[in-house]
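Observations on the model geometry
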Amino acid sequence: MSKVATRFAPSPTGALHIGGVRTALFNWLYSKNQKGTFHLRIEDTDKERSKDEHKIQIIKSLKWIGIEHDGDEYIQSTKINDHINTANELLKNNHAYKCYCSSEEIENQKKRAKQKKLPYTYNRKCRELSESNNSKDIKPVVRFKSKIEGSSILKDLVQGDVEIDNITIEDFIILRNDGTPTYNLSATVDDHQMNMTHVIRGDDHKINTFKQMQIYLSMKWEVPLFAHIPLIHTLEGKKLSKRDNASTLDDYSKIGIMPDALRNYLLRLGWSYEDKEIFTLEESIKHFNLAGIGKSPSKLDMSRILSMNEHYIKNIDENELYEHLVEYCEIYKEKINPEKEAKIKPSLSFLKNKAKTLEDIFNNAKYIILNEVKFGDEDLKLIDEKAKKIIVEFKSKLLSLSTLNKEVLEPIINELIKKYETNFKGVGQPLRVALTGSKFGPGLYDIIISLGKEEVEKRLGSKIIT
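Here's a quick rundown of the structure. Source: prediction; values computed, not measured.

Ordered by their spatial adjacency, three strands build an open sheet running β4-β5-β8, and the pairing between neighbours is antiparallel. Whereas interior strands pair on both sides, the edge strands pair on one side only; in this sheet they are β4 (96–99) and β8 (173–175). Taking each pair of neighbouring strands and ignoring which way they run, the sheet shows an average axis angle of 45 degrees. In the sheet, β4 pairs with strand β5 (residues 141–144) via four bridges, with the strands oriented antiparallel. When the bridges of β5 are listed, Tyr-97 appears paired with Arg-143.

Spelled out as structure tokens, the structure:
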């Protein structure tokens, strides 16, 4: 077989689903591992539902998680004539036929099947019908003449050999009565023209594969290798759908999941290599193979995604973490003023403490990022007369300090605790509210040191709290 070529073929009828992202990832990794090529095909033949905005979102999402295709996008709608020509060739070679059954007849067949509690399959009424006996009043569909005898074996690279009786494969439609091609015809022609060597996709496509294999064989084309990946399920064991929460990449990026962390999670969702959990991009490419894909559905677990993200937050270089934070804030929160870099970067060591997402880091760093301290009514209730005296006295002692560190701040705090007959919380909480607008957040000494003497003095002088 020639150089490995894989593809991902989404329809631009909505946002890219997380299951589709994993399929794209497995295709991309396999092609890179085999030193082949990975292609993106946009299946946009549904003109009513296909939107450019969805196409842009798909490409942007794949790029965000690190997947970039080789060459230009392959636009399916530009190849319609090739699909139709193939259908005509199948007709000419007696591998397809025109079906003149009316929609009413088809509906009656479906009703009878439902009454008998059987799955509907077309009864092949027009299979051997001569042109002279057809109805001139009905625009026909074109059906593929599926094999009736024997069985077909799919040598699936994930599921193993799968055999079905040919009689169970219906005479499926390849051209609608308006002359437009259907999915199974278009996908087969496109994969052939794109010289795909491997088709890696969800195992809900298995029956489509048996149909497409028959088209390949009828056209005397080389049949690619197929690998069907088990679907992703919810924790409850149901098939994950676009209607579920957190089903698109945007659902993850907006809460601050980092691309490397999500890619690592999706890689391990249904694939394994020894007992290794964390993979760099280079390691992913080096070790990925189809043999490591499991045969059972995997359950999407948000707690594990957060745990993976926390690992990346803790372990990546803080310069890189800062870049992720800046990009995240610009898209979803408030743009970080470049002047704040000198304060935020050195503070990441504690701002990322216990943070599972970039949103957590943003919330921890808001007191630095935002120029104005915003006080909630409940937090202001903590600033009573005693608290105001503590704030004023701390500010006056701060003026005499030339440097800020825990060693010089701790004695001042302890002195205030003793003088006002309170505990650390009694002193720390009003100071924290005065400096950040909230009783929650990083440690008091970290807040003071990160803000710097000038900013601390300014905030402690606010008329709202004094």
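Read on for the rest.
Quick reminder: α-helices carry 3.6 residues per turn. Residues three or four places apart thus point the same way. Here helix α19 (residues 453–460) has its buried residues at Glu-455, Val-456, Arg-459 and Leu-460. Considered in projection along α19, the buried side chains sweep an arc of 125 degrees and stay on one side of the axis. Turned more than 90 degrees off the buried face of α19, the exposed positions are Glu-454 and Lys-458. Of the surrounding elements, those touching the buried residues of α19 are α12 (341–351), α13 (358–369), α15 (385–398), α17 (424–436) and α18 (444–451).

Another aspect to go through is helix α5 (residues 183–193). Extensive coverage of α5 is indicated by the burial of eight of its 11 residues. Buried within α5 are the following residues: Asn-184, Leu-185, Ser-186, Ala-187, Thr-188, Val-189, Asp-190 and Asp-191. The positive-phi residue at the C-terminal boundary of α5 is Asn-195, with phi of around 60 degrees.

This part takes up the sheet that holds strand β2 (residues 37–42). Overall, parallel pairing links the three strands, which are arranged β1-β2-β3 in an open sheet. Looking along the sheet, the strands with just one partner apiece sit at the ends: β1 (5–8) and β3 (74–75). Bridging between β1 and β2 involves four bridges; their strand directions are parallel. The residue of β2 that forms the bridge with Phe-8 is Leu-40. Packed onto the sheet, helix α1 (residues 18–33) meets β1 and β2 and runs at close to 165 degrees relative to β1.

By the definition in use, this model includes eight aromatic pairs. Ring geometry for Trp-271 against Tyr-273: centres 6.5 Å apart, planes inclined by 10 degrees, an arrangement best described as stacked. Judged by relative accessible area, which is 1%, Trp-271 ranks as buried. Overall, Tyr-273 belongs to the partly exposed group, its relative accessible area being 24%. By way of ring pairs, the aromatic residues Phe-26, Trp-271, Tyr-273, Phe-279 and Phe-288 are connected into one cluster. Note that Lys-110 overlies the ring of Tyr-120, its terminal NZ or CZ placed 5.6 Å from the centroid. The residue whose ring lies beneath Lys-276 is Phe-279, and the NZ or CZ to ring-centre distance is 5.3 Å.

What follows concerns the environment of Leu-217. With respect to the element layout, Leu-217 can be found in helix α6 (residues 206–219). For Leu-217, the contacting residues outside a window of four places in its chain are Lys-147 and Val-223.

Conventions and cut-offs
- Residues numbered from 1 in each chain as written.
- Predicted model: local features only at pLDDT ≥ 70, side-chain atom pairs only at ≥ 80, totals over all residues.
- Heavy atoms only, no water.
- Pairing = 2+ DSSP bridges.
- Helix = DSSP H or I, 4+ residues; strand = E, 2+ residues; numbered from the N terminus.
- Axes fitted to C-alpha atoms, helices over the stretch in contact; angles between N-to-C directions.
- Buried < 20%, exposed > 50% of the residue type's maximum accessible area, 1.4 Å probe, protein only.
- Arc of directions from axis to C-beta.
- Contact = heavy atoms within 4.5 Å.
- Phe/Tyr/Trp six-rings, centres within 6.5 Å; stacked < 30°, edge-to-face > 60°.
- Lys NZ or Arg CZ within 6 Å of the ring centre and 35° of its normal.

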